[in-house]
Amino acid sequence: MLRRGATLAAAGALLLAAPAPGWADDVRGGQQQVIKTLALTKAWRVTKGAGVTVAVLDSGVDPRHRDLVGSVRVGKDFTRGANPPGTIPSRLHGTYMASLIAGHGHGPDGKRGIIGVAPAADVLSVRVILEDEEPGFREFNTAERFENVVARGIRYAVDEGADVINMSISKELATKEERAAIRYAISKGVVLVAAAGNDGDRQIDGSLAPYSYPAAFPGVVSVGATDRRLRRATFSNSNSSVLVAAPGVDIMGAGPGDEYWVGRGTSQATALVSGIAALIKAKYPGMSPPFVARALAASATDRPPGGYDTATGFGVVNAAKALSVAARLAAHTETAKGEQVQDPDQPLAGGRSGPIKVITRDDRRVTAFTAVAAAAAGGALASLAVIFVMVRRVRREQGEQDA
C-alpha cells in the first residue's frame, strides 16, 4: 500500500495563501462561482446538513479556525509515531477540506469567511496522512506499521457515528483490508466519497489515467475535477471509476490559524461532493449509499455526450437537483421479505463466505463427450431412417392386399 512508490498523499495541490485574515470578508466573494454552480442557495432552503457527521480522513483539522469552531471533533491520529516527538502537525490540507464541507463562516450572520456545502454539519477529524513537508512524511510512507491506516481510519469513523466519509487522498495500490473496511462502511449505511486522483497528465493506453484508491473501489463515489468552464481539469484522472465531477480549480478554502487559501485538485472537488452527500443524508437519514450515489449521478448537470464519459462521469454535481432526485428515491420504501431473503449483515446461505471454487475446463473430456453426443445423434438419425423405411414397406404391402 505505502511501499514501493505507492505514496499515500493528499489529492489536492495548494497554490497560494490568500491575504491576511482581514480579507476574510472578501473570501465569500471568491466562492460565488462554486455556490452558483452547485445551486447551493436553493439547496439550503431544504437543508443545511444539521444532524450529520462527516468524517474527514486527512492530515487533521484545526478545530479553532473561526469558520469551523464548534463544528469539529478531533478524533484518532493514525499517523502517531511517524513524526519526531514534539512535532506539531500543520493540518493544512485537512482544515481546507473540512471548510469546504462544513465551514459556517463568521461575523454577523456568518457572512464572512468560508461557507461550506453543508454549513450545519459536524466534522470528525481522523488523521491518516501527513503533509508533504512534515518531517515524518518519508517514514510514514515506508514503515510497515502504517500499511493500513486508511482501512483502520474508515472503520474508526464508522464506529464513531460518521454518516459520510470524505477521503481527499489517493494512492496507486489497494489492499484487501481497505476493501473489507469499505464493505463494512457501506453495510452500515455510510457514504464514502474519494478523489479520483491528479495524474491526468500521466495517461495509459493513450487516453486513460491510472486508477487511484480508495476512489476506484466499488461502492465509493469517485470524484473528478472540472475547470472554470466545467470541463475536465487537465490534472484530473480520466478513467471508468469516475462517477461525477465538481469544481476543482481556484477553490477558496480555510487554513490553520484563520488563514485562507486558494487551491486546485480532485481533493477540493471531492470535499464539495461530500458536502452534497451530507445534505442528502441530513434530509433522508435512512437513505442507503447506493441511493445517495444514484441521486448524485442522476441529478448531475453539464452531462457529457451520451450521458457518461471517463472524464467527468455523469456530469457536474448539483446540490438542489440531487435533493430533488433523493426525494423521489426516498419514496421507494418496499423491501423484500420472507425466508429466502438474504440479510446483508450475515454470511451467505450455509454460513460459507469463502472463495468460490472454479472448475477447470477439461478440453479432452469435452472432445470425448462431444464425440459421444455426435455418435448418439447419428444413431438416432439412423434409427429414424429404418423406422421410416419399415413404415413405407408396411403401407405398400397393405395397399397390395387391398387391391
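Keep in mind it's a predicted model, so treat the numbers as computed, not measured. The residue count restarts for each chain, going from 1 along the sequence in the order it is written. Restriction of local features to residues with pLDDT of at least 70 applies here, the model being predicted, together with a cutoff of 80 or more for giving and counting side-chain atom pairs; totals for whole chains, interfaces and linings are based on all residues. Excluding hydrogens and water, the side-chain values take into account all heavy atoms of the structure.

## A closer look at the pattern of salt bridges
Stated formally: Between Lys or Arg on one side and Asp or Glu on the other, a salt bridge is scored when a side-chain nitrogen of the former is within 4 Å of a carboxyl oxygen of the latter. Here the term buried applies to any residue with accessible area under 20% of the maximum for its type, exposed to any over 50%, and partly exposed to those in between, with areas from a 1.4 Å probe on protein chains only.
Summed over all chains, the structure comprises 6 salt bridges. The salt bridge partner of glutamate 134 is arginine 127, with a shortest N-O separation of 2.8 Å. According to the relative accessible area criterion, arginine 127 is buried, its value standing at 6%. The closest approach of N and O atoms between arginine 145 and glutamate 139, which form a salt bridge, is 3.1 Å.

## Examining the packing of helix α4 (residues 92–102) against helix α8 (residues 266–283)
Threshold: To obtain an axis, a line is fitted to C-alpha atoms, over the contacting stretch when the element is a helix, and the angle between two such axes runs from 0 to 180 degrees between their N-to-C directions. Elements are defined by DSSP. Helices are runs of H or I of four residues or more, strands are runs of E of two residues or more, and each kind is numbered from the N terminus. By the definition adopted for this analysis, an angle is roughly parallel if under 35 degrees, roughly antiparallel if over 145, roughly perpendicular if from 65 to 115, and oblique otherwise. Should the near helix be turned counterclockwise from the far one by less than a right angle, the crossing is left-handed, whereas a clockwise turn marks it as right-handed. Two residues form a contact once any of their heavy atoms are found within 4.5 Å. Residues are grouped as follows: Ala, Val, Leu, Ile, Met, Phe, Trp, Tyr, Cys and Pro are nonpolar; Asp, Glu, Lys and Arg are charged; all remaining types, including Gly, are polar.
At their nearest, the axes of α4 and α8 sit 8 Å apart, and the two run at 40 degrees to each other. In terms of axis orientation, α4 runs oblique to α8. Here α4 runs over α8; the crossing is right-handed. Counted together, His93, Tyr96, Met97, Leu100 and Ile101 of α4 and Ser267, Gln268, Ala271, Leu272, Ser274 and Gly275 of α8 form the full contact between these two elements. Split by residue class, the contact of α4 with α8 holds 6 nonpolar, 5 polar and no charged.

## Some remarks on the sheet that holds strand β3 (residues 53–58)
Note the threshold: For two strands to be treated as a pair, DSSP must find at least two bridges joining them.
Across the sheet, 7 strands lie side by side as β4-β7-β3-β8-β10-β11-β12; this open sheet has parallel pairing. In this open sheet, the two strands that pair with only one neighbour each are β4 (72–77) and β12 (244–247). Each strand axis lies, on average, 25 degrees off the axis of its neighbour in the sheet, ignoring direction. Of the strand pairs in this sheet, strand β11 (residues 221–226) and β12 are connected by 4 bridges, and their pairing is parallel. Pairing of glycine 224 across the sheet is with alanine 245, part of β12.

## Concerning the environment of alanine 185
Residue placement: alanine 185 occurs in helix α7 (residues 176–187). On a C-alpha basis, the gap between alanine 185 and isoleucine 154 in space is 7.2 Å, while along the polypeptide they are 31 residues apart. Once residues lying within four places of it in the same chain are set aside, the contact partners of alanine 185 are Ile154, Val158, Val190 and Leu192.

## Comments concerning the packing of aromatic side chains
Test applied: Think of it this way: a Phe, Tyr or Trp ring, Trp meaning its six-membered ring, pairs with another when their centres are within 6.5 Å, and the plane angle makes it stacked under 30 degrees, edge-to-face over 60, tilted otherwise. Definition used: whenever NZ (Lys) or CZ (Arg) falls within 6 Å of the ring centre and also within 35 degrees of the ring normal, the charge is taken to sit over that ring.
For the coordinates displayed, the defined rule picks out 4 aromatic pairs. Positioned above the aromatic ring of tyrosine 184 is the side chain of arginine 155, whose terminal nitrogen or guanidinium carbon lies 5.0 Å from the ring centre.

## Some points on the pairing of strand β13 (residues 251–255)
Remark: a regular strand shows side chains that alternate across the two faces of the sheet. The element β13 is extensively covered by neighbouring structure, given that 5 of its 5 residues are classed as buried. Neither face of β13 is open: one carries Ile251, Gly253 and Gly255, the other Met252 and Ala254, and all of them are buried. As paired strands, β13 and strand β14 (residues 259–265) are joined by 5 bridges and run antiparallel to one another. In the sheet register, glycine 255 faces β14, and the bridge partner there is glutamate 259. Remark: 3 residues form the turn of the hairpin made by β13 and β14, two consecutive strands paired antiparallel; glycine 257 in that turn has positive phi of roughly 75 degrees.

## Details of the pairing of strand β8 (residues 164–167)
The side-chain alternation of β8 yields two buried faces, one formed by Val164 and Asn166 and the other by Ile165 and Met167. In this sheet, β8 lies alongside β3 in parallel orientation, the contact comprising 3 bridges. Within the sheet, the bridge partner assigned to valine 54 lies in β8 and is valine 164. The pairing of β8 with strand β10 (residues 191–195) spans 4 bridges and is classified as parallel.

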